[in-house]
Amino acid sequence: YDIFYRKLFLLAPSMRKIFMQNMVRQSRFLVSITCECAGLYELLNQSKGLSGIENLTKANADFGIRAEHYGAIATSLKYALQYCNGESLWNTVESSWSDVISFFVVASVC
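Throughout, residues of each chain are indexed from 1 in the direction in which the sequence is written. Note on the predicted model: pLDDT of at least 70 is required for a residue's local features to be given, and 80 or more for side-chain atom pairs to be given and counted; whole-chain, interface and lining totals, by contrast, use all residues. Side-chain descriptors were evaluated using all non-hydrogen atoms of the structure, hydrogens and water having been removed beforehand.

**A word on the pattern of salt bridges**
Item 1. A carboxyl oxygen of Asp or Glu within 4 Å of a side-chain nitrogen of Lys or Arg is what we treat as a salt bridge. One pass over the structure, following the stated rule, counts 1 salt bridge.
Item 2. Measuring nitrogen to oxygen at the nearest pair gives 3.1 Å for the salt bridge that ties Lys-58 to Asp-62. One end of the pair is Lys-58 and the other is Asp-62, both in helix H4 (residues 51-63) and 4 residues apart, which spans about a single turn.
Item 3. Each residue is placed in one exposure class: buried if its accessible area under a 1.4 Å probe, protein chains only, is under 20% of its type's maximum, exposed if it is over 50%, and partly exposed if it falls in between. For Lys-58, a relative accessible area of 54% translates into the label exposed. Per the convention used, a helix needs a DSSP run of H or I reaching at least four residues, while a strand needs a run of E reaching at least two, with both numbered from the N terminus.

**A closer look at the packing of aromatic side chains**
Item 1. Paired rings are identified among Phe, Tyr and Trp, the last through its six-membered ring, by centres lying within 6.5 Å, and are further divided according to the angle between planes into stacked (under 30 degrees), edge-to-face (over 60) and tilted (the rest). By the definition in use, this model includes 9 aromatic pairs.
Item 2. Look at Phe-4 and Tyr-5: their rings are 4.8 Å apart centre to centre, the planes differ by 90°, and that puts the pair in the edge-to-face class.
Item 3. What makes Tyr-5 buried here is its relative accessible area of 3%.
Item 4. Taking the centre distance of 6.2 Å and the plane angle of 55° together, the rings of Phe-9 and Phe-19 count as tilted. Of the two residues, Phe-9 sits in helix H1 (residues 2-11) while Phe-19 sits in helix H2 (residues 15-19), which places them 10 residues apart along the sequence.
Item 5. Take Phe-9: its relative accessible area is 7%, and that puts it in the buried class.
Item 6. Members of the aromatic cluster, each reached through a chain of ring pairs, are Tyr-1, Phe-4, Tyr-5, Phe-9, Phe-19, Phe-29 and Phe-63.
Item 7. Whether a charge sits over a ring depends on NZ of Lys or CZ of Arg being within 6 Å of the ring centre and within 35 degrees of the ring normal. The ring of Tyr-79 carries the charged tip of Lys-7 above its face, separated from the ring centre by 4.6 Å.

Written out as structure tokens, the structure reads:
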């Protein structure tokens, strides 16, 4: 949590205003994007569509998150996952997480 937001606010200081130091808001956002990315691979394999991403993207837009924010969000999420998983595990899963996060970003801004 702290690792993600420290990196996010470093890369995109304007996002501090969106979250207003509200930890509940920050937690919900982080959990929602992480869960959506984690479930994305399974949804695509089962041809269930992207309704979860569409709903999350709309909620994020209502929240104040814009297309230009998703690059910093993706970088921060990968950084936090790498930190929390450690180098050896991260080296094993990096490609998969990177692909899913990249797809999430593209789907979110289109």
